[in-house]
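Breakdown of the fold
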Amino acid sequence: MGGYLVLSEKQIPMKNLTSLIGCSNAMILDLVSHSIRIKANPGNYSDVLHNKSLLMIFEKPSLRTRVSFQVGMHQLGGHSIVLETKDTPFREKESIADTAKASSRYVDIIMARLFKQEDIEEMAENAAVPVINGLTDTFHPCQVLSDMLTIYEKKGKLKGLKLCFVGDGNNNITHDLLLGCSAAGINISVGCPDEAKPQEWIAEIAKKKSEETGSAVEVTNDAFKAAQDADIVYADTWMSYHVPKDEKERRIKMFQPYQVNRKLMSSAKDDAIFMNCLPAMRGYEQTADVIDGPQSVVFDQAENRLHMQKAIMLKLLGKL
Ligand code: CP
Ligand code: NVA
């Protein structure tokens, strides 16, 4: 582990986690360092959330987010409830505000996976308890925070590394990687087609953060330029949960030049790691030899969702 990552002396409070827009370098280091401690000594935290309840609301499918939050809450001594919105009055008979207000009378913390970012923001504004974004079309902060833990474990530092993301630039993972990397001082290069660039307002916030941490933000349509000398090469699905299925053929053609294959990996550093938040489709955003090869850390990434989820819940409930 790099020597600079020490637990902060002062507590850095967090009310909600809806995106990484407001996330500073200190907040990332704080959560990464706490998650390292939680991962190393899970038994020390087994009763910290005794009698606490987590409500999880899903408008989209999930494996990792659902299971890691549920197991994480259980391992912290608490309890969790899963609601699929199709089984509730959500939207059709009950507003997001009323859902948030009523749920706050029962549970201590809410995690929701919704389509629209404005909906999770509305939930956070109306809930009396902390609200966590478990993925919207625009952001996926829990994933990128746990990716910071994985990168730190693999590389021993964050600041000064280069992360290359190739594929869909207008994507929740890409957006929070832009915000998280720039805040952590990681140079980020996004290689994507001109018609699938990151949303401009998010790239602008990332550029401002990067000026503070002395890192660089680049968006290019040249996948090989993006991957040049990268320490981390990151891919995500070309068919995010919210993308209509009839767009598949068009998107395969559009993103094919951005596939992570052995040739693209050879542009990165020899010791580069390959990341994908999963779920992944072999033969699409990456070839099987890359995701199943020695540079891939995708299942460490999946595991670290559990440890970071615990740190996020403990932080939001004022226990860290
Ligand atoms: N990476 C991730 O969030 O996976 P799920 O969609 O399975 O939760
Ligand atoms: N961009 C992907 C992330 C999945 C965890 C999606 O939204 O489906």
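Scope of this entry: the structure provided in the associated data block. Since this is a predicted model, take the numbers as computed values, not measurements.

On to the overall build of the protein, then. Across its full length, the protein carries twelve helices and nine strands. Along the longest, intermediate and shortest principal axes, the C-alpha atoms of the protein span 55 × 50 × 35 Å. When each of the 320 residues of the protein is scored for burial, the buried share is 57%. In the protein, the proportion of contacts linking residues at least 24 apart, taken out of those at least 6 apart, comes to 77%. For the protein, the accessible surface area stands at approximately 13,500 Å², while carbon and sulfur atoms represent 51% of it. Taking the average place of the 38 positive charges on the side chains of the protein and the average place of its 41 negative ones, the gap between the two points comes to 3 Å.

Quick look at the pairing of strand 7 (residues 217-220) now. Note that strand 6 (residues 187-191) and strand 7 share four bridges and pair parallel. Along strand 7, the bridge assignment pairs serine 189 with glutamate 218. Since strand 6 and strand 7 lie parallel, the crossover through helix 7 (residues 200-213) that links them has a hand, and here it is right-handed.

A word on the packing of aromatic side chains. If you walk through the whole model with that rule in mind, you get four aromatic pairs. Judged by centre distance (6.0 Å) and plane angle (35°), the ring pair of phenylalanine 165 and tyrosine 234 falls under tilted. Placement of phenylalanine 165 in strand 5 (residues 162-166) and of tyrosine 234 in strand 8 (residues 232-235) is noted, with a sequence separation of 69 residues between them. Tyrosine 234 shares its class with phenylalanine 165; the two are buried. Ring centres of tryptophan 238 and tyrosine 284 lie 6.3 Å apart, and the angle between their planes is 85°; this geometry places the pair in the edge-to-face category. Taken together, the residues span a long stretch of sequence, with tryptophan 238 in the loop between strand 8 and helix 9 (248-255) and tyrosine 284 in the loop between strand 9 (273-276) and helix 11 (288-291) at a distance of 46 residues. According to the relative accessible area criterion, tryptophan 238 is buried, its value standing at 2%. Of the residues examined, tyrosine 284 reaches a relative accessible area of 27% and is grouped as partly exposed.

Attention shifts here to the side chain of serine 104. Tracing the backbone shows serine 104 in helix 3 (residues 96-104). Take serine 104: its relative accessible area is 13%, and that puts it in the buried class. Setting aside chain neighbours within four positions, we find serine 104 in contact with Ile110, Ala127, Ala128 and Val129.

What surrounds ligand 1 is the set Ser62, Leu63, Arg64, Thr65, Arg113, His140, Gln143, Tyr241, Cys277, Leu278 and Arg305. Note that an oxygen atom of ligand 1 is positioned 2.7 Å from one of the side-chain N or O atoms of threonine 65. Measuring from a nitrogen atom of ligand 1, one finds a backbone N or O atom of leucine 278 at 2.8 Å. Protein burial of ligand 1: of its 260 Å² of free accessible surface, 99% is covered by the chains. Of the residues in the shell around ligand 1, the class split is four nonpolar, four polar and three charged.

With that settled, consider the packing of helix 1 (residues 25-40) against helix 12 (residues 298-316). Running from amino to carboxyl end, helix 1 crosses helix 12 at an angle of 115°, the nearest separation of the two axes being 9 Å. In terms of orientation, helix 1 and helix 12 fall into the roughly perpendicular class. Here the hand of the crossing between helix 1 and helix 12 comes out right-handed. Here Asp30, Leu31, Val32, His34, Ser35, Ile38 and Lys39 of helix 1 come into contact with helix 12, specifically with Glu303, Asn304, His307, Met308, Lys310, Ala311, Ile312, Leu314 and Lys315. Of the residues assigned to the contact of helix 1 with helix 12, the class counts are seven nonpolar, four polar and five charged.

In the region of ligand 2, the neighbouring residues are Leu135, His140, Asn171, Asn172, Asp236, Thr237, Ser240, Tyr241, Cys277 and Leu278. Taking tyrosine 241, its main chain carries an N or O atom lying 2.8 Å from an oxygen atom of ligand 2. Here ligand 2 loses 97% of its free accessible area of 270 Å² to cover by the protein chains. Its residues assigned to classes, the shell around ligand 2 comprises four nonpolar, five polar and one charged.

Across the sheet, which stays open at both edges, the four strands sit in the order 2-1-3-4 with parallel pairing between neighbours. Of all strands in the sheet, those bounded by a partner on one side alone are strand 2 (79-84) and strand 4 (131-133). Neighbour-to-neighbour, the strand axes of the sheet open up by a mean angle of 20°, direction not taken into account. With six bridges connecting them, strand 1 (residues 53-58) and strand 2 associate as parallel partners. Within the sheet, the bridge partner assigned to leucine 55 lies in strand 2 and is isoleucine 81. Where helix 4 (residues 117-126) meets the sheet, it contacts strand 1, strand 3 (109-113) and strand 4, and its direction lies at approximately 165° from that of strand 4.

Cut-offs used in this document
Residues numbered from 1 in each chain as written. Chains lettered and ligands numbered in written order. Predicted model: local features only at pLDDT ≥ 70, side-chain atom pairs only at ≥ 80, totals over all residues. Heavy atoms only, no water. Helix = DSSP H or I, 4+ residues; strand = E, 2+ residues; numbered from the N terminus. Buried < 20%, exposed > 50% of the residue type's maximum accessible area, 1.4 Å probe, protein only. Contact = heavy atoms within 4.5 Å. Areas by Shrake-Rupley, 256 points an atom, 1.4 Å probe, with all protein chains shown as cover. Lys, Arg positive; Asp, Glu negative; His and termini not counted. Charge placed at Lys NZ, Arg CZ, Asp CG, Glu CD. Pairing = 2+ DSSP bridges. Right-handed = clockwise from strand over helix to strand, strands pointing away. Phe/Tyr/Trp six-rings, centres within 6.5 Å; stacked < 30°, edge-to-face > 60°. Near = heavy atom within 4 Å. Polar contact = N/O pair within 3.5 Å; in protein donor to acceptor, adjacent residues only side chain to side chain. Nonpolar A, V, L, I, M, F, W, Y, C, P; charged D, E, K, R; others polar. Axes fitted to C-alpha atoms, helices over the stretch in contact; angles between N-to-C directions. Parallel < 35°, antiparallel > 145°, perpendicular 65-115°, else oblique. Left-handed = near helix turned anticlockwise from the far one by under 90°.

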